Protein chains: 2
Amino acid sequence: MSAASESNGDIVQTMQGLGRQARAAAAVLARATPDQKDAALRAAAAELERRSDAILAANALDMEAGRQKGLSQAMLDRLYLDAGRVAAMARGLVEIEALADPIGHVMAEWVRPNGLRIQRVRVPLGVIGIIYESRPNVTADAGALCLKSGNAVILRGGSESFHSSTAIHACLVAGLEAAGLPPAAIQMVPTRSRDAVGLLLRGLDGCVDVLVPRGGKNLIARVQADARVPVIGHLEGLCHVYVHASAEPAMAAQLVTNAKMRRTGICGAAETLLIDRAALPTHWAPIAESLLAAGCELRGDPEICALEPRAKPASDEDWRTEYLDAILSVRTVAGIDEAIEHIACYGSGHTEAIVAEDALAVSRFFHDLDSAILLHNASTQFADGGEFGMGAEIGIATGRIHARGPVGAEQLTSYKYLVYGSGQTRP
Amino acid sequence: MSAASESNGDIVQTMQGLGRQARAAAAVLARATPDQKDAALRAAAAELERRSDAILAANALDMEAGRQKGLSQAMLDRLYLDAGRVAAMARGLVEIEALADPIGHVMAEWVRPNGLRIQRVRVPLGVIGIIYESRPNVTADAGALCLKSGNAVILRGGSESFHSSTAIHACLVAGLEAAGLPPAAIQMVPTRSRDAVGLLLRGLDGCVDVLVPRGGKNLIARVQADARVPVIGHLEGLCHVYVHASAEPAMAAQLVTNAKMRRTGICGAAETLLIDRAALPTHWAPIAESLLAAGCELRGDPEICALEPRAKPASDEDWRTEYLDAILSVRTVAGIDEAIEHIACYGSGHTEAIVAEDALAVSRFFHDLDSAILLHNASTQFADGGEFGMGAEIGIATGRIHARGPVGAEQLTSYKYLVYGSGQTRP
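Because the structure is a prediction, the values reported are computed rather than measured.

**Student:** Sorry, what's going on with the nonpolar core here?
**Tutor:** The tendency in soluble globular proteins is for nonpolar side chains to be buried side by side. Counting 262 residues, the largest nonpolar core has Val256 of chain A together with Val256 of chain B as its most contacted members. Look past the residues within four positions of Val256 of chain A in its chain and what remains in contact with it is Val241, Val243, Ala270, Leu273, Ile287 and Leu291 of chain A.

**Student:** Teacher, can you tell me more about the relation of the copies chain A and chain B here?
**Tutor:** One copy of the chain maps onto the second through a rotation around an axis plus a translation along that axis. Rotating chain A by 180° and moving it 0.0 Å along the rotation axis overlays it on chain B with an RMSD of 0.0 Å. Taken together, the rotation angle and the small translation identify this as a two-fold axis. Taking C-alpha positions as reference, the residue of chain A nearest the rotation axis is His402 of chain A, located at 1.8 Å. Interface residue correspondence from chain A to chain B reaches 100%, placing this contact among same-surface, isologous pairings.

**Student:** When you look at the interface of chain A and chain B in this model, what are you seeing that I'm missing?
**Tutor:** Often the size quoted for an interface is simply the accessible area lost on bringing the parts together. Of the residues lining the interface, 53 residues belong to chain A; the matching set on chain B comes to 53 residues. Elements supplying a minimum of two residues to the side of chain A that touches chain B: β2 (117–124), α10 (249–261), α15 (359–368), β13 (373–378) and β16 (413–424) of chain A. By residue number, the principal contributor to the side of chain A that touches chain B is β16 of chain A, which donates 11 residues. Considering only residue class, the side of chain A that touches chain B consists of 24 nonpolar, 18 polar and 11 charged. The pairing of β16 of chain A with strand β13 (residues 373–378) of chain B spans five bridges and is parallel.

**Student:** Could you clarify how one ought to interpret the sheet that holds strand β9 (residues 297–300) of chain B in this entry?
**Tutor:** Taken in spatial order, the 10 strands of this open sheet run β1(A)-β2(A)-β16(A)-β13(B)-β12(B)-β7(B)-β8(B)-β11(B)-β9(B)-β10(B), and their pairing is mixed. On the outer flanks of this sheet lie β1 (106–111) of chain A together with β10 (312–313) of chain B, each paired with one strand and no other. With four bridges joining them, β9 of chain B and strand β11 (residues 327–333) of chain B adopt parallel strand pairing. Considered in β11 of chain B, the bridge of Gly300 of chain B is made with Val330 of chain B.

**Student:** What am I meant to see in the pairing of strand β14 (residues 393–397) of chain B here?
**Tutor:** For a regular strand, side chains alternate in direction, first toward one face of the sheet and then toward the other. All names here are of chain B. Counting buried residues along β14, five of its five residues qualify, which places the element largely inside the surrounding structure. Where β14 meets strand β15 (residues 405–408), three bridges bridge the pair, whose relative direction is antiparallel. Note that in β15 the partner of Ala397 across the bridge is Gly405.

**Student:** Got a minute to help me understand the packing of helix α10 (residues 249–261) of chain B against helix α11 (residues 280–293) of chain B in this structure?
**Tutor:** The relative placement of two packed helices is expressed as an angle between their axes plus a distance between the axes. All names here are of chain B. Contact geometry of α10 with α11 gives a least axis separation of 8 Å together with a crossing angle of 35°. For the pair α10 and α11, the crossing hand works out as right-handed. Facing Pro249, Ala250, Ala252, Ala253, Val256, Thr257 and Lys260 of α10, the residues of α11 in contact are Thr282, His283, Pro286, Ile287, Ser290 and Leu291. Class assignment for the residues of the contact of α10 with α11 results in eight nonpolar, four polar and one charged.

**Student:** For this particular structure, what's the right way to read the packing of helix α5 (residues 83–98) of chain B against helix α6 (residues 137–148) of chain B?
**Tutor:** Residues and elements named next belong to chain B. Closest axis-to-axis distance for the α5/α6 pair is 10 Å, and the angle between their directions is 10°. Relative to α6, the element α5 lies roughly parallel. Counted together, Arg85, Met89, Gly92, Leu93 and Ile96 of α5 and Asn137, Ala140, Asp141, Ala144, Leu145 and Lys148 of α6 form the full contact between these two elements.

The rules behind these values
Residues numbered from 1 in each chain as written. Chains lettered and ligands numbered in written order. Predicted model: local features only at pLDDT ≥ 70, side-chain atom pairs only at ≥ 80, totals over all residues. Core = buried A, V, L, I, M, F, W, Y, C linked by C-beta atoms within 7 Å. Buried ≥ 20, exposed ≤ 12 C-beta atoms within 10 Å, placed from the backbone. Contact = placed C-beta atoms within 7 Å. Least-squares fit on C-alpha atoms with pLDDT ≥ 70 in both. Helix = DSSP H or I, 4+ residues; strand = E, 2+ residues; numbered from the N terminus. Nonpolar A, V, L, I, M, F, W, Y, C, P; charged D, E, K, R; others polar. Pairing = 2+ DSSP bridges. Axes fitted to C-alpha atoms, helices over the stretch in contact; angles between N-to-C directions. Left-handed = near helix turned anticlockwise from the far one by under 90°. Parallel < 35°, antiparallel > 145°, perpendicular 65-115°, else oblique.

Here it is as structure tokens:
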């Protein structure tokens, strides 16, 4: 369907239909056994492998349209699929299958003096709306994570990846059908119309329990402005590394370089380095050499620029910028207080690391900062559900409500209380 | 201040000021020690006792205005304070002081194969906006719970209780000051203007992290429609008791009567009784006698009305009504499937109880229903944070996001991850 061929009334009807079907499927999925869900994931993985050629053909259509539309090379890279990437998607599904099933887990249990036994038990959230951009693999990952956690999902990907996502989605549906689960458990918005997003944000008449946006600032801003249902937000990762005067210089250079350069395009990549003035004579040279050798552009404050002629001057805007590129802003601070103040002012509450041997400084950093993830003597690039041992994730939540940090299958759940009595009345 | 004397610009400025001060106070409160918070609660309790006369004088103003405004007797009852009720509020603060401090608690801890040690640690949510109706004691309870959990709070009570709440709020502020904590940790909206609520719902420029509405349907509906920040919702409690054919008749009569009649005005009070057709000959008479003897009006389906001439006929509207009064709707069902279907259709997802000796029926009821609280052979009136052993609460959340069931100090928190490394970089 093309947007031009549809009236707004058609879209409203289509979207309300998705909502109702998702709600009905969620009720079935909430009662599905772990084996059924796992069978669906295995079957979907097999379908991805089997239909790899069809997926690549669909992707070629998207790539061609993207080139004609003049998408940037970075966007085309994100959009592009080859046989290896399709196989990786299939492996991702098998990895999600291997995770523990969170549903039905007794999270806590206790007995009251009157004999009532109380259990807090995990249940799915219900229906999740996922709004994302051009990476087609999110279709597989997000669909599979929602299935594992017993949630029905309505996927709305970027219009650039429409054909690729449609082909991938068909594999997920085939997996559901093979396992005897309702195909509406994983639905994809079947139109590129932007009106559909607006309807999804308003919750489809109570049929959507939570929205998970994945993407850039503009997408997140729109979702936060227009959503009428709860949002699990993944804001930018403006991550900091703070090198305290007590840091080991060699470790500092390794950690800063890894935090910035291992992969520059992920949300856990460091964007700003804060370094103690007292550490400049001893620590700065190895850090700068290591970063420059790795191909990193440096943007420094006047003290840094005076020490390193290859550094460009940083503006206030640099402290606010998530480069997602081989660029690092560097600022000299008087000590831990100024570092904490800088991060509280400019950070996005995602991930920050301190490199230090001084235990008091670490304790201050951990206690006084309030980002989702704080690390001591470790790279910010560990900000990842898999690296945390929590399994696949659909992002790092920077909000404070419901889930914070990596959002995996367990975080896509709610709970209910089961109370076992023997005739107790309340006096 | 009266609404008439204020321009909208004044209110905007006032509210933004509250927001900024709350945000600053939250940062201090997040680092406050348990002792400091407890000292503030003790001092506030002492102030409530000491200023009891002033609070009662303020309450007399509210009561007089309420009578002139023609408030119902039930509303005047909720508004009314006497020395005993003020003393009970003070005791409530001391009880909250005695709760375990949730902040800083290590919720989970594990070590990764690469040696990274990961802790998930409780932190406050930040700034909470609480919007409630005429009970002045909510001012003390909600303010104290937010303080215990390290959150700054902006309280907006019903305009009818403005003078009472102002006097109570002054005691909380005195407590904060006595403990050296910022008085802006507990603020009250200083105007009765309804515009102030609209501004609070929009989050005061990012200064409010979560809203907790407490009140009737109209209030909740407005909050859900207009809120631009996450809401922890407390919807109505349309609670059901289902008497299965296997129930012990005497226990069923006791539990139904307690669930309905112990206190009819609380959200955990039962509103609808579902009874197996097969149980009617044996179970209905003792249940009906017990309810009628306790002064309960019965509204039944045709089968019930045929058995009990004192029952009035129930309309479809009755299945949707939270009476909060001595009225019970009664419906005959063919068995557990029809009971589950009825509750899924008409229930509010709050609390439901099954009375049964048959383990399979209980298991079906617990598994297939998805209310926040499900009870077996126990009264729905146990739906209460204190009764669950979770301490004081500001309500029973019926939403699925963040907190569900009783919302106490622990539920008013988020968490962060602390990661302890020794130089790990990500390969």
